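Structure assessment
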Amino acid sequence: MAYGQIGTGKTYTVGQLGKDDISQRGMMVIAREDILKNTSSTFDTVEFSYLQLYLEHIQDLLVPENNNIPIVEDSKTGEVFLPGAEVVKVRDLNHFLQLLQIGKANRHAANTKMNTESSRSHAIRMINVRKLTHGKVGNEVSTMESDTQNDLQVDVVVPTLRKSMLLIVDLAGSERIDKSGSEGHMLEEVKFINLSLTSLGKCINALAENNPHIPTRDSKLTRLLRDHLEVLQGLHS
Ligand SMILES: Nc1ncnc2c1ncn2[C@@H]1O[C@H](COP(=O)(O)OP(=O)(O)OP(=O)(O)O)[C@@H](O)[C@H]1O
């Protein structure tokens, strides 16, 4: 999660495409390159979703008509779903760069006192990887009925589907209203941004204090991140 004051370089660090200069690539592109190196285009699947949370509404940045996407939680597993969010199968790095560009163009930005192109929404990028591995090799003893002394050692290769998700969130910048001079609609935006950042802060504090209750219900941002925050809780305790 990229968190920080307005104009401190979050979007740049996460999202730079570095099309002409590889050394300028941001975290998203570097991560995708790394995934590309470790997956097979024949056997594995890499999918991408790109959303924004703006004024407490979730919108698809790849298909902007998909607005007001609900957050659905599986009561049994606690897994969070976003029905209606576009999931695109990524072909290669160029395709991925195109998707990032489309998302960037659709994201809410505004000219503020502190950043001429300030993001006014939280951008959520999800890369889902399904990788087929044949790594689990076990030894099984096969006993021949006629001669129990001649046991055979048979290698057992179990194909396993490994599912992983990389979630990268570029949060809208936190700002002090007195410093930013926001008014009218922009003031409304700041209130929503600060509300969700405050509720995220409470969750992070609860994690840091090893509190068994993580207050994820207070904003859409924390509801959306719920299962990820709970994974952190598991690692922490
Ligand atoms: N490492 C860097 N090198 C060169 N320019 C940078 C770097 N980091 C940020 N910038 C520039 O600084 C400005 C602000 O950066 P950016 O928009 O990434 O900030 P931000 O933290 O995402 O802001 P906000 O919270 O308002 O969305 C941009 O013009 C960006 O191009």
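Structure: above.
This one's a predicted model, so the numbers in the text were calculated from it and none came from an experiment.

**Quick notes on the site of the ligand**
In the neighbourhood of the ligand, 12 residues make up the surrounding shell, with K10, T11, Y12, S118 and S119 lying closest. Within the side chain of T11, one N or O atom sits 2.8 Å away from an oxygen atom of the ligand. Backbone polar atom of Y12 to an oxygen atom of the ligand: 2.8 Å apart, as the coordinates give it. Look at the ligand: alone it shows 630 Å² of surface, and the protein chains cover 63% of it. Of all the secondary-structure elements, those providing two or more residues to the shell around the ligand are helix 1 (10-15) and strand 7 (118-119). At 3 residues, helix 1 tops the list of elements feeding residues into the shell around the ligand.

**Description of a nonpolar patch on the surface**
Taken together, F43, L132 and L161 make up a surface patch of nonpolar side chains, about 310 Å² in accessible area. For L132, the location among the structural elements is in strand 8 (residues 122-142).

Rules behind the numbers
- Residues numbered from 1 in each chain as written.
- Predicted model: local features only at pLDDT ≥ 70, side-chain atom pairs only at ≥ 80, totals over all residues.
- Heavy atoms only, no water.
- Near = heavy atom within 4 Å.
- Polar contact = N/O pair within 3.5 Å; in protein donor to acceptor, adjacent residues only side chain to side chain.
- Areas by Shrake-Rupley, 256 points an atom, 1.4 Å probe, with all protein chains shown as cover.
- Helix = DSSP H or I, 4+ residues; strand = E, 2+ residues; numbered from the N terminus.
- Patch = residues over 30% accessible without salt bridge, like charges linked within 9 Å, V, L, I, M, F, W, Y side chains within 5 Å.
- Salt bridge = Lys/Arg side-chain N within 4 Å of Asp/Glu carboxyl O.

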